[in-house]
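Listed below, chain by chain, are the residues.
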Amino acid sequence: MNFLEVKDVAKQYGSHIALKHVSMSVDQGSIYGLLGPNGAGKTSLIRIINQITHPDSGEVCINGKPMTADDVNKIGYLPEERGLYKKMKVADHIIYLARLKGMKRADAQVEMRQWLERFDLSQWANKKIEALSKGMAQKVQFIGTVIHKPKLLIFDEPFSGFDPVNAEILKQEIVRLRDEGATILFSTHNMGSVEAVCQNISLINHAEVVLEGEVNAIRQKYKKNLFTVLTLGSPLPIYNDLYAIDKMSVNCGNTESLIRLRPGVTIREVIARLNEECNLGGFQELLPSMHEIFIETVTGKPVSEGGQYNE
Amino acid sequence: MNKNRFFLIVQREYLETVAKKSFIVMTLLMPFLIVLLGGVPVLLEKLNKSDVKTVAVIDETNQLASAIKSDEAFHFELIEQATEGNPRQLYDNRGDELYAIVVIPRDIESTHQVLVYSESSVNSVLVSHLHTAMSRVLTDAKIASYGIDGLDKILKECNIDVDVRSIKWSDEGDEQTSSTELAMLIGIVLSLMSYMFVIMYGSMIMNSVIEEKSNRIVEVIVSSCKPIELMLGKIVGVALVGLTQMLIWSILLGIVGSIVGIGFASTEAQAVAGAMAEASTDSSIIEMLGSINYLQILGFFAIYFVGGFLLYASLFAAFGSAVDQASDASQFTTPIVMIIVIALYAAIACMENPDGDIAFWCSMIPFTSPMVMMVRLPFDVPAWQSLLSIAILYASAIGLTALSARIYRTGILLYGKKNSIKDLIKWLK
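Note that this is a predicted model, so its numbers are computed, not measured.

Enquirer: I'd like a description of the interface of chain B and chain A, backed by residues and values.
Expert: With 18 residues of chain B at the interface, the matching set in chain A holds 24 residues. Summed over both partners, the interface of chain B with chain A comes to about 2,200 Å²; 57% of that surface belongs to carbon and sulfur atoms. Remark: the boundary between chain B and chain A carries two salt bridges. B:Arg216 is paired through a salt bridge with A:Glu81; the nearest N and O atoms lie 3.3 Å apart. Breaking the side of chain B that touches chain A down by element, the ones donating at least two residues are helix 1 (3-18), helix 8 (180-215) and helix 9 (218-222) of chain B. With six residues, the top contributor of residues to the side of chain B that touches chain A is helix 1 of chain B. Taken together, the residues of the side of chain B that touches chain A sort by class into seven nonpolar, four polar and seven charged.

Enquirer: Residues and numbers for the sheet that holds strand 3 (residues 100-104) of chain B, please.
Expert: All names here are of chain B. Taken in spatial order, the four strands make up an open sheet running 2-1-3-4, and their pairing is mixed. Looking at which strands have only one partner, the edges of the open sheet turn out to be strand 2 (74-79) and strand 4 (115-117). Each strand axis lies, on average, 25° off the axis of its neighbour in the sheet, ignoring direction. Direction of pairing for strand 3 relative to strand 4: antiparallel, over a ladder of three bridges. In the sheet register, Val103 faces strand 4, and the bridge partner there is Leu115. Most of the contacts of helix 4 (residues 87-94) go to strand 3, to which it runs at about 155°, and overall it touches strand 1 (53-59), strand 2, strand 3 and strand 4. The strands that helix 6 (residues 124-145) touches are strand 1, strand 2, strand 3 and strand 4; relative to strand 2, the one it contacts most, it runs at about 60°.

Enquirer: Summarise the sheet that holds strand 2 (residues 16-27) of chain A; cite the residues concerned and give the values.
Expert: Residue and element names in this part refer to chain A. Spatially, four strands are ordered 2-1-4-5 in an open sheet, and the strand pairing comes out antiparallel. The strands lining the two open edges of the sheet, one partner per strand, are strand 2 and strand 5 (65-66). Across two bridges, the pairing between strand 4 (residues 57-62) and strand 5 is antiparallel. From the neighbouring strand, Ile62 faces strand 5, where its bridge partner is Lys65.

Enquirer: Can you lay out a nonpolar patch on the surface for me, pointing to particular residues and giving the numbers?
Expert: Residue and element names in this part refer to chain B. Residues Val25, Leu29, Phe32, Leu33, Leu36, Val40 and Leu44 make up a contiguous nonpolar surface patch of roughly 630 Å² in combined accessible area. Mapped onto the elements of the fold, Leu44 is located in helix 2 (residues 21-50). Residue class for Leu44 comes out partly exposed when judged on its relative accessible area of 48%.

Enquirer: Go over the environment of A:Met88 with me, naming the residues and quoting the values.
Expert: Inspection of the secondary structure puts A:Met88 in the loop between strand 6 (75-78) and helix 2 (90-100). Judged by its relative accessible area of 4%, A:Met88 falls in the buried class. As for A:Met88 and A:Lys128, which are separated by 40 residues in sequence, their C-alpha atoms are 5.4 Å apart. In this structure A:Met88 touches A:His93, A:Tyr96, A:Lys127, A:Lys128, A:Ile129, B:Arg12 and B:Glu16, once residues within four positions along its chain are discounted.

Enquirer: Quick rundown of the pairing of strand 3 (residues 31-35) of chain A? Include the residues and the values.
Expert: All names here are of chain A. With respect to burial, strand 3 is a largely interior element, five of its five residues being buried. Burial of strand 3 is two-sided: the residues Ile31, Gly33 and Leu35 facing one way and the residues Tyr32 and Leu34 facing the other way are all buried. Alignment of strand 3 against strand 9 (residues 200-205), held across four bridges, turns out to be parallel. Bridging across to strand 9, Tyr32 finds its partner in Asn200.

Enquirer: I'd love a proper account of the packing of helix 4 (residues 134-146) of chain A against helix 5 (residues 164-179) of chain A, names of residues and values included.
Expert: All names here are of chain A. The geometry of helix 4 relative to helix 5 is characterised by a closest axis approach of 12 Å and an angle of 10° between their N-to-C directions. Taken as axis vectors, helix 4 and helix 5 run roughly parallel relative to one another. Here Lys139, Phe142 and Val146 of helix 4 lie close against helix 5, whose contacting residues are Asn166, Leu170, Glu173, Ile174 and Leu177. In the contact of helix 4 with helix 5, the residues fall into five nonpolar, one polar and two charged.

Enquirer: I'd like to hear about unusual backbone geometry, residue by residue, with values.
Expert: Residues and elements named next belong to chain A. The phi torsion at Asp8 lies on the positive side, around 55°, for a residue other than glycine. Looking at Asp8, the relative accessible area reads 39%, which means it is partly exposed. Phi at Asp120 is positive, roughly 65°, even though this residue is not glycine. By the secondary structure assignment, Asp120 is in the loop between helix 3 (105-118) and helix 4.

Enquirer: Please set out the side chain of A:Thr53 residue by residue, giving values where relevant.
Expert: All names here are of chain A. Relative to the assigned elements, Thr53 resides in the loop between helix 1 (42-49) and strand 4. Since its relative accessible area comes to 15%, Thr53 is described here as buried. Those residues in contact with Thr53 that sit more than four places away from it in its chain are Lys11, Tyr13, Ser44, Arg47 and Ile48.

Enquirer: Any chance you could break down helix 4 of chain B for me, citing the residues and the numbers?
Expert: All names here are of chain B. By the burial criterion, the buried members of helix 4 are Pro87, Leu90, Tyr91 and Arg94. Buried residues of helix 4, seen end-on, are gathered within an arc of 100° and therefore sit on one face of the element. In helix 4, those exposed residues whose orientation departs by more than 90 degrees from the buried face are Arg88, Asp92 and Asn93.

Enquirer: Provide a residue-level description of the confidence of the model for chain A, including the pertinent values.
Expert: Residues and elements named next belong to chain A. On average, residues of chain A carry a pLDDT of 88, and 97% of them reach 70 or more. Within chain A, the lowest mean pLDDT, 82, falls on helix 6 (residues 191-197), and the highest, 96, falls on helix 2. The model gives residues 306-311 a pLDDT under 50, and that stretch makes 15 contacts with residues more than four places away or in other chains.

Enquirer: Give me the lowdown on the state of the cysteines, citing residues and values where you can.
Expert: Taken as a whole and judged by the stated rule, the model has zero disulfides over all chains. No disulfide involves B:Cys362; its sulfur sits 5.0 Å from that of B:Cys350, the nearest cysteine.

Enquirer: Break down the pairing of strand 8 (residues 183-187) of chain A for me, with residues and values.
Expert: All names here are of chain A. Across the five residues that make up strand 8, a large majority, five, are buried. Side-chain alternation along strand 8 places Thr183, Leu185 and Ser187 on one buried face and Ile184 and Phe186 on a second face that is also buried. The pairing of strand 3 with strand 8 spans four bridges and is parallel. The partner of Gly33 across the bridge, within strand 8, is Phe186. Judged from the five bridges that link them, strand 7 (residues 152-156) and strand 8 form a sheet pairing that is parallel. The residue bridging Phe155 from the neighbouring strand is Phe186, located in strand 8.

About the thresholds
Residues numbered from 1 in each chain as written. Chains lettered and ligands numbered in written order. Predicted model: local features only at pLDDT ≥ 70, side-chain atom pairs only at ≥ 80, totals over all residues. Heavy atoms only, no water. Contact = heavy atoms within 4.5 Å. Buried area = accessible area lost by both parts, 1.4 Å probe. Salt bridge = Lys/Arg side-chain N within 4 Å of Asp/Glu carboxyl O. Helix = DSSP H or I, 4+ residues; strand = E, 2+ residues; numbered from the N terminus. Nonpolar A, V, L, I, M, F, W, Y, C, P; charged D, E, K, R; others polar. Pairing = 2+ DSSP bridges. Axes fitted to C-alpha atoms, helices over the stretch in contact; angles between N-to-C directions. Patch = residues over 30% accessible without salt bridge, like charges linked within 9 Å, V, L, I, M, F, W, Y side chains within 5 Å. Areas by Shrake-Rupley, 256 points an atom, 1.4 Å probe, with all protein chains shown as cover. Buried < 20%, exposed > 50% of the residue type's maximum accessible area, 1.4 Å probe, protein only. Parallel < 35°, antiparallel > 145°, perpendicular 65-115°, else oblique. Arc of directions from axis to C-beta. pLDDT = per-residue confidence, 0-100. Disulfide = S-S within 2.5 Å.

Encoded structure:
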C-alpha cells in the first residue's frame, strides 16, 4: 500500500523551474531513495512534502488522503543543511523539538532518555549544544528528528558529517525504524547506502523524474552482459564469436578476465565451451552499480567500462 | 496558527534570551550606568571647584577692581600697576601661577570693555563672572552719576519680569495650572524611550532571526511550524523580554536612585530642590505635576509603544531573514534606523508646536506617530486624532507584519546570495 503519494507536483521559482510534474509513490514501511544531482529539485520536493513550501499544482497524499496542516506532526525531517541552537542544553533542545511536533513533555522525556541511552549521550543531557563534538551534535539532531515516532521519515543526506562508525550506527537505526513500521524517504548522493538500504528509488534530474523503480530491477535493466571469469592455471581462451575480453589480470597463475558477451550468446553456451578448453574457477555476472547508473543517466555517457563495479 | 506551538516558540525565545549572560549583565548594569552618567557631571563640578585658579587684576582706574570678588573657582589678586608694569611682563614673571590676567582699562566707562589675557582660551565661567561684576558696578556708577535721589530704587521697580502661568480647564471646568516645560519634558522622555527600545529590541529580533538562519536550525523548525508562527513567536518573545528588562530597570533605578539620592541629599539634592522652589514662586511644582494625567499618558504610551514595536519589529525580522550573517545586515538596518531617527527629529520639532500641521501629519504616518504622539500627548490631543492615529498605526502594523511574513518565509530558506530590497519585493508575490 502506498503511504506517501506525490501526484503531478510542479513548482516554479520566478523563471526557474524547480519541479516539472513529478509523481512518485512510496510503499508503507519501505525505504525509498530520492536520487539526483545537486540542483535537480530534490530539496524542493522534500520541502513540499514537509509543507515548508506549497506546490504550484499537484498534491501530496498521505495514507491516501491529501495532506493537512496537522500531518507535519507525522513527519520527521532531517534537512541537508541542519543545525541546532548552540546555547540550548541537549535535553531542553530535544524536548523543544519534540513538543513542536505536538508531543507532551512527559512523553518526550521518556523517549528522550531511551534515545540518549542508545546513542551513549546520557551524561551530556545537561550540557549545551556548543560543548558537543560535531558527531554528537549530529546524533542529537537525529534524535530530534525521530523522537516523536513519525510515520514518515525524510532524511536529506543523513550521512554527511558522520564518521564511518557513526554512519554505520545511523544506518542500523534507520533500518530499525523501518522495521518498526516507519516509511522512509532517503535523499542522498551516497550510492553505496542506496544499494544497501533502499528498495525503490526515483532519480530526479532537471526537475523531472528520469528513472524510477525497484533497485534490483533497475540494475538488471541496465546490465551490459558483463561477466568476470576465473580460469585456473591457464589464460582465458579467445572466442571472438562468443565474447570480447575487456580486461585480464593474472594472479598466482590464475587469470581473472572481464568479458562482454556478444548479443544473442547465452551463459550456458559460454560455460560449455570454456569447460572443454580450460579449468574454470568462477563465472559471475556483473550488475552495474547504482553509482554507474546514476552517472550514466544524468550525464548521458557511460562510466569507463569495468570501472567501479561491485558484485 | 497553532496556539500550543506558538506559545512554545514564545517561551523558548523568552527563556533563552533572558538566560543569556549578555542580557543579565546589561539588565543589571544599566541602572548603575545611568546613575553614574548622571552623577559624573556633579562629580566633575565638585572636582573642578577644588581647583582654585588665580587671576591677576590690573586696574587702571584704581577703583573698580573691588567689584570683582573671589569665589570657590577663582581667586582674584589685585596687582599694583606701578610695580609690575604691563600684562605681558607680568605674565612672563609669574606665568606659572596665573590662569589669566584681567585688565580694567582707564576708559572703561565709555568703552564698556574689560580685557582678559591668557595663554589658553578663557573659561566661560570667568567670562560670565567678570561680565556680571563689571556690568553691575558700571550700571551703579552710571545711575549714581545722574545725582537723582532714589533712582536706583525706581529703576529696580521698573525692571518687571512677567511670569506666564498657563491654566487649562479640565472637563469638569476646574482650573488647573499646567506647566509647558514639564509637559515637554515628559513628552520627550517618552519619545526617547520609544526610540531607544524600538531600535534595541528590533535589532534583538533581527539578530535572533539571523542566528537561526546561520545556525541552519530554521529549516528544522519550519518543518514543524509555519514560518509566521516562528516570526510572531519571536516578536512576542522579544517584546516580553523587553518588558521584563524595563520592569527590572525601573525597580533597580528606583533603588539605586534613592540610595544615591540619600547620599547627595545634604548638598546637591537640596540645592536643586531650592532652585525649583524658587522657580515656582507661588504655584507649587507639586500642583503642576498633579495637573498631568499620568494614567492617560501611560495608557497611550503603552498603546503606541506596542503598535510601534510591532510595526518595526516585523520589518527587522523580514530584513534579518534576507541576510546570511549579521555583518551583512547593515544595508537593511540603515534605512530603518534612519526612519526611526527621522521620527525622533519629527518629535523634537513637534515639541515647539504640538498642534501644528507637521505634528498632525506626523501623528497620522505610522512610522512617526509612536514617537511624535508621545510629545503631543501631554498637550491634550483631540480624541479623534488619537483614535485615528492609533487605528492607522495598528492597521499598518498588521499589514506590514503580513507582508514581512511573506519576505521572511522565503528569506529564511535562501542562502548564499546577497539580496537587495528589490529581491525582497519580488518575494512578496
